[in-house]
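Fold and contact review
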Amino acid sequence: MSSITTDLAGLLDTVQRPGDFYAAGSAEIFTPSLEVEGVGPIALPLLPVQAEQLIAVAEQAPYGRGEETVIDTNVRRTWQIDAAKIRIGGRHWSRDLETIVKQITTGLGVAQPVVAELYKLLVYDKGSFFVSHRDTEKSPGMFATLVIALPSQSQGGELVVRHKEHEAKLDLRCEDPAEIAFAAFYADCMHEVLPVTAGCRATLVFNLVRKGKRIAPAPPGYEAEIERTEALLASWVTALAKPEDEIAADPPESEHIPKKIVAPREHAYTPAELAFDKLKGTDGAIAKVLAAAAPGAGCDLHLALLKVWESGSAEYNGRENWHYR
C-alpha cells in the first residue's frame, strides 16, 4: 500500500476551483435611498402600509411554462415591480453593491468580472410563495441570480436552493435598517420561496452577468474527486482494521499506516473563523470533498487549529543562515 498521506495530498491538490452552487451572507450598509414610481420614497425597514402601497402599483408576478409566460397563483403568488420604475441610490450604494457582488462571486467560485443588473423588485405579503423552478436567461451573459432582501419584519419565506443532490435553506430575514441579507445562485439551480407566514418583505433581484465573451461560469462539481477520495479513505480504514498477526506477516504494507491524518490547508484561521462554512478559497472546496467522502468511508472529519513547535539548538552558519538541529 502506498503512503495514504501522499496519495490523499495528491488527490486533494486536484481540487483547484473554489466555490459552491450558492453563496449567501449579510452586510452592514449605509441605508440606500429607494424610490418607486407611483409610491415615492420607501422607508426601511419596510412598513406594512408601504408594502400595501407597493402592491397597489405592482403586478402579479408570472412564471415561465415552456415557451409561455403565465400567471397562476397556485404556482407563484408574488408581486413584482419592473426595474424601470425603481430608483435606488445614495452616496454609498454603488460601493456597497460592489462589495456584495465581490463577496458572492468569490462564494460562487467566479474569478472573471461580473456586473449586477437590477431586474425586479419583488414584494411578498402573508401567504406569498413560489414553487420550485429554474431561472431563465433574462439577458445575454447571465449566469446567476442575486437576491438582496431589504430590511423588514416578516416570518417564513425562506429561500431553498438545490443543485443535484445538495440543498441549502436560506433565511434572508433582516430587521436592522443598517443591514441587508443577500443570496446568489447559479441559474440552472432549482429554487423555491417558502410561504411567508407573517408580515411582509421586499427583495431586489439582480441578474449576474459576466463581462466579455468567455464561457459562462457553471456551478463547480466535485463528484469525481469525492468518489476517489472516498475509495482512498475506505482502503485506509480497511488496512487499519487488519488483525495484528496479519500486519506482522506483511510489515512493508502496514508499518507506515497512520491512525490519524492531518491535511493542512492554505489559509490561517482564528478560533472564531474555524467553521466549515467560513473556509476560504480552495480550502472550502477541499473541505466539501472531504465532508462528502468521509462518512461513506467510515471516517470522522474535524476542523482543528494546528500548531507546530521546533526545538533544539541553533548554529550560526553565516551572516543570515541559521541551522536547526
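My aim in this report is to walk through the structure given alongside it, one point at a time. (Residues numbered from 1 in each chain as written. Predicted model: local features only at pLDDT ≥ 70, side-chain atom pairs only at ≥ 80, totals over all residues. Heavy atoms only, no water.)

Before going further, it helps to spend a moment on the overall build of the protein chain. Broken down by element type, the protein chain carries seven helices and 21 strands. Looking at the protein chain as a whole, 43% of its 325 residues qualify as buried. As displayed, the protein chain offers around 18500 Å² of accessible surface, 52% of which is attributable to carbon and sulfur atoms. (Helix = DSSP H or I, 4+ residues; strand = E, 2+ residues; numbered from the N terminus. Buried < 20%, exposed > 50% of the residue type's maximum accessible area, 1.4 Å probe, protein only. Areas by Shrake-Rupley, 256 points an atom, 1.4 Å probe, with all protein chains shown as cover.)

With that settled, consider a nonpolar patch on the surface. A contiguous nonpolar surface patch, about 330 Å² in accessible area, is contributed by V262, L306 and V308. Mapping L306 onto the fold places it in the loop between helix 7 (281-297) and strand 20 (314-316). (Patch = residues over 30% accessible without salt bridge, like charges linked within 9 Å, V, L, I, M, F, W, Y side chains within 5 Å. Salt bridge = Lys/Arg side-chain N within 4 Å of Asp/Glu carboxyl O.)

With that settled, the discussion passes to the nonpolar core. Across soluble globular proteins, nonpolar side chains show a tendency to be buried alongside one another. Counting residues in hydrophobic clusters, the biggest one holds 62 residues, and the most contacted among them are L108, L121, L146, I148 and L208. With seven residues, strand 16 (residues 179-186) is the largest single contributor of residues to this core. L11, V15, L232 and A285 belong to the second-largest nonpolar core, a separate cluster that totals 20 residues. (Core = buried A, V, L, I, M, F, W, Y, C linked by side-chain atoms within 4.5 Å.)

Turning to helix 3 (residues 93-108), a few remarks are in order. Taking 1.5 Å as the rise per residue, helix 3 with 16 residues should run 22 Å; its terminal C-alpha atoms sit 22 Å apart, in good agreement. Within helix 3 the residues assigned to the buried category are W93, D96, L97, I100, V101, I104, T105 and L108. Projection of helix 3 onto a plane perpendicular to its axis shows the buried side chains occupying an angular sector of 165°, all on one side. Exposed positions of helix 3 whose direction lies more than 90 degrees from the buried face are E98, K102 and T106. G109 sits one or two positions beyond helix 3 and adopts a positive phi of about 80°. (Expected span 1.5 Å × (residues − 1). Arc of directions from axis to C-beta.)

So, about the environment of A292. Along the chain, A292 falls in helix 7. With relative accessibility at 34%, the residue A292 sits in the partly exposed group. Along the backbone, A292 and E225 are 67 residues apart, and their C-alpha atoms lie at a distance of 10.0 Å. For A292, the contacting residues outside a window of four places in its chain are I226 and E230. (Contact = heavy atoms within 4.5 Å.)

Quick look at the pairing of strand 16 now. The side chains of a regular strand alternate between both faces of the sheet. Taking burial as the measure, the eight residues of strand 16 include seven buried ones, the bulk of the element. Where strand 1 (residues 22-28) and strand 16 come together, seven bridges link them in antiparallel fashion. For A24, the partnering residue across the bridge sits in strand 16 and is A183. Bridge analysis of strand 12 (residues 142-149) against strand 16 gives six bridges, and the strand direction is antiparallel. (Pairing = 2+ DSSP bridges.)

Read from one edge of the open sheet, five strands run 7-11-17-14-15, paired in antiparallel fashion. Since the sheet does not close on itself, it has two edges, and those belong to strand 7 (76-77) and strand 15 (166-170), each with one partner. Here strand 11 (residues 129-133) pairs with strand 17 (residues 190-193) via two bridges, running antiparallel. Within the sheet, the bridge partner assigned to F130 lies in strand 17 and is V193.

Once that is clear, we can look at the sheet that holds strand 2 (residues 33-36). An order of 3-2-9 is seen for the three strands of this open sheet, with the pairing classed as antiparallel. Each of the sheet's edge strands pairs with one partner strand only, and the pair in question is strand 3 (40-41) and strand 9 (86-89). Looking at chain direction, strand 2 and strand 3 are connected through two bridges and run antiparallel. The residue bridging V36 from the neighbouring strand is G40, located in strand 3.

In a pair of packed helices, the angle between the axes and the distance between the axes together describe the arrangement. Across the interface, helix 1 (residues 4-12) lies against helix 4 (residues 223-240) with an axial gap of 10 Å and an inter-helix angle of 175°. Considered as vectors, helix 1 and helix 4 are oriented roughly antiparallel to each other. Within the contact between the two elements, helix 1 uses I4, D7, L8, L11 and L12 and helix 4 uses E225, R228, T229, L232, L233 and W236. Of the residues belonging to the contact of helix 1 with helix 4, the class tally is seven nonpolar, one polar and three charged. (Axes fitted to C-alpha atoms, helices over the stretch in contact; angles between N-to-C directions. Parallel < 35°, antiparallel > 145°, perpendicular 65-115°, else oblique. Nonpolar A, V, L, I, M, F, W, Y, C, P; charged D, E, K, R; others polar.)

On inspection of all chains with the given rule, the structure shows eight salt bridges. Notably, a salt bridge pairs D125 with R77, separated by 2.8 Å at the nearest N-O pair. In this pair, D125 is assigned in the loop between strand 10 (114-124) and strand 11 and R77 in strand 7, connecting sequence segments 48 residues apart. Counted as one network, the salt bridges with shared partners bring together R162, E167 and E192.

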